[in-house]
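# Breakdown of the fold
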Amino acid sequence: GAGVSQSPSNKVTEKGKDVELRCDPISGHTALYWYRQRLGQGLEFLIYFQGNSAPDKSGLPSDRFSAERTGESVSTLTIQRTQQEDSAVYLCASSSSTGGYGYTFGSGTRLTVV
Amino acid sequence: AQSVTQPDIHITVSEGASLELRCNYSYGATPYLFWYVQSPGQGLQLLLKYFSGDTLVQGIKGFEAEFKRSQSSFNLRKPSVHWSDAAEYFCAVVPDNYGQNFVFGPGTRLSVLP
């Protein structure tokens, strides 16, 4: 597609439920990133995929968080047993290469845990 | 510790006034440098980026930024602010040519007075 697409745009879930957030990167972009942005705060790196290499998971805050990506296509971020502190906007970005060239953000998924 | 700092949490300027948003980084090598803008409820939009060469870079919406190696800074400027520029501005760094992810500053919120 023309841009990075994220779905859903908004998600309200009950505490303890699992949620899946989807990111559809720009076609041909080999790199994909997930970030979290809590209300009034900056962006927090979560995970990075580059082609078929092992992902960089160093930013995942707990083992309740996981992400998958098959090849250079869609990625899914899963949060298990959601907590209220997971409420945030989850942003996905894709890039045509490492180093930041052509790095484009999606509009995010706003997750609210009640 | 390696980091990106934006000293000003919130700046208020009058419409038509000039603007400078500060950004400093603490990486040893010259990183790739970026400024993003995030309007309320929106995703991040790239304003400009610096990789190498001319240290004064021009971006969209009339913004420019100057890289100063001696000061480890990459300040964003605009000569005349418009009300539509009210948003959150993030400085971001890819630490080196092989960087795998962006490191974002905490952001500066810009308010514009009529």
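Summary of the structure given here. (Residues numbered from 1 in each chain as written. Chains lettered and ligands numbered in written order. Predicted model: local features only at pLDDT ≥ 70, side-chain atom pairs only at ≥ 80, totals over all residues. Heavy atoms only, no water.)

## So, the overall build of chain B
Put simply, the rule reads: Numbering of helices and strands runs from the N terminus, with a helix taken as a DSSP run of H or I at least four residues long and a strand as a DSSP run of E at least two residues long. It is over C-alpha atoms that the radius of gyration is taken, and the globule rule equals 2.2 Å times the number of residues to the power 0.38.
Within chain B one finds zero helices and twelve strands. Counting from the amino terminus, chain B carries its helices and strands in the arrangement β-β-β-β-β-β-β-β-β-β-β-β. Over its C-alpha atoms chain B spans a radius of gyration of 13 Å, differing by no more than 12% from the 13 Å that the globule rule assigns to 114 residues. By principal-axis analysis of the C-alpha atoms, chain B measures approximately 45 × 30 × 20 Å.

## Some words on the overall build of chain A
Quick note on the threshold: Pairs of residues are marked as contacts when any of their non-hydrogen atoms sit within 4.5 Å. Computed by Shrake-Rupley with a 1.4 Å probe, the accessible areas treat only the displayed protein chains as cover when residues are assessed.
Helix and strand counts for chain A stand at zero helices and ten strands. Listing every helix and strand of chain A by position from the N terminus yields β-β-β-β-β-β-β-β-β-β. For chain A, the C-alpha radius of gyration of 13 Å lies close to 13 Å, the compact-globule estimate for 114 residues. Seen along its three principal axes, the alpha-carbon backbone of chain A occupies a region of about 35 × 25 × 25 Å. The long-range share in chain A, meaning contacts at least 24 apart out of those at least 6 apart in sequence, stands at 55%. Carbon and sulfur atoms make up 43% of the accessible area of chain A, which totals about 5200 Å².

## Some thoughts on the sheet that holds strand E1 (residues 5-7) of chain A
All names here are of chain A. The condition that has to hold: Any two strands are treated as partners once DSSP identifies two or more bridges connecting them. The axes are straight lines fitted to the C-alpha atoms, using for helices just the contacting stretch, and the angles between their N-to-C directions are given from 0 to 180°.
Across the sheet, four strands lie side by side as E1-E3-E7-E6; this open sheet has antiparallel pairing. The sheet terminates laterally at E1 and strand E6 (65-69), the two strands that pair on one side only. If you compare each strand with its neighbour and ignore which way they point, the axes differ by 15° on average. When strand E3 (residues 19-24) meets strand E7 (residues 75-79), the two strands line up antiparallel, connected through five bridges. In the strand pairing of E7, Glu20 is matched with Thr78.

## Describing the packing of aromatic side chains
Our working definition: Classification of ring pairs uses Phe, Tyr and Trp, with its six-membered ring standing for Trp, and accepts pairs whose centres are within 6.5 Å; under 30 degrees between planes counts as stacked, over 60 as edge-to-face, and the remaining range as tilted.
Taken as a whole, this structure holds 15 aromatic pairs over all chains when the rule is applied. With a centroid separation of 5.8 Å and 65° between ring planes, the pair formed by Tyr35(A) and Phe45(A) is classed as edge-to-face. Of this pair, Tyr35(A) sits in strand E4 (residues 31-37) while Phe45(A) sits in strand E5 (residues 43-50), placing them ten residues apart in sequence. Among the aromatic residues, those joined into a ring-pair cluster are Tyr35(A), Phe45(A), Phe105(A), Tyr32(B), Phe34(B), Tyr36(B), Phe51(B), Phe90(B) and Phe104(B).

## Quick look at the side chain of Ser73(B)
Position of Ser73(B) among the secondary structure elements: in strand E9 (residues 73-78). Ignoring anything within four residues of it in the chain, the contact list for Ser73(B) reads Cys23(B), Asn24(B), Tyr25(B), Glu66(B), Phe67(B) and Lys68(B).

## Examining the nonpolar core
Residues and elements named next belong to chain B. Note the threshold: Here the nonpolar core consists of buried residues drawn from Ala, Val, Leu, Ile, Met, Phe, Trp, Tyr and Cys, with membership extended through side-chain atoms lying within 4.5 Å. Throughout this description, buried means an accessible area under 20% of the type-specific maximum (1.4 Å probe, protein chains only), exposed means over 50%, and partly exposed covers the range between.
Core analysis: the largest hydrophobic core is formed by 27 residues, its most contacted members being Leu19, Trp35, Leu47, Leu48, Phe74, Leu76 and Tyr89. Counting residues per element, the ones that place at least two in this core are strand E2 (10-14), strand E3 (19-21), strand E5 (32-38), strand E6 (44-50), strand E8 (64-68), E9, strand E10 (87-94) and strand E12 (108-113). Top contributing element to this core by residue count: E10, with four residues. When sequence neighbours within four positions are dropped, the list of residues in contact with Phe74 reads Cys23, Leu33, Phe34, Trp35, Leu48, Tyr50, Val57, Ala65, Glu66 and Phe67.

## Remarks on unusual backbone geometry
The linkage connecting Ser7(A) with the following residue, Pro8(A), adopts the cis geometry, with an omega of -10°. Its location among the elements puts Pro8(A) in the loop between E1 and strand E2 (10-13). Notably, Arg81(A) is not glycine yet its phi reads approximately 50°, a positive angle. Along the chain, Arg81(A) falls in the loop between E7 and strand E8 (88-95). Owing to a relative accessible area of 41%, Arg81(A) belongs among the partly exposed residues under this scheme. Here the phi dihedral of Ser72(B) falls at roughly 50°; this positive angle occurs in a residue that is not glycine.

## Overview of the pattern of salt bridges
Rules: We define a salt bridge as a contact between a side-chain nitrogen of Lys or Arg and a carboxyl oxygen of Asp or Glu at a distance within 4 Å.
Taken as a whole and assessed by the stated rule, the structure comprises eight salt bridges over all chains. Taking the shortest distance from any N to any O, the salt bridge between Asp24(A) and Arg22(A) comes out at 3.9 Å. Linking Lys78(B) and Asp85(B) is a salt bridge whose minimum nitrogen-to-oxygen distance equals 2.8 Å. With a relative accessible area of 10%, Lys78(B) lands in the buried category. One connected set of salt bridges, linked through shared partners, spans Glu64(B), Glu66(B) and Arg77(B).

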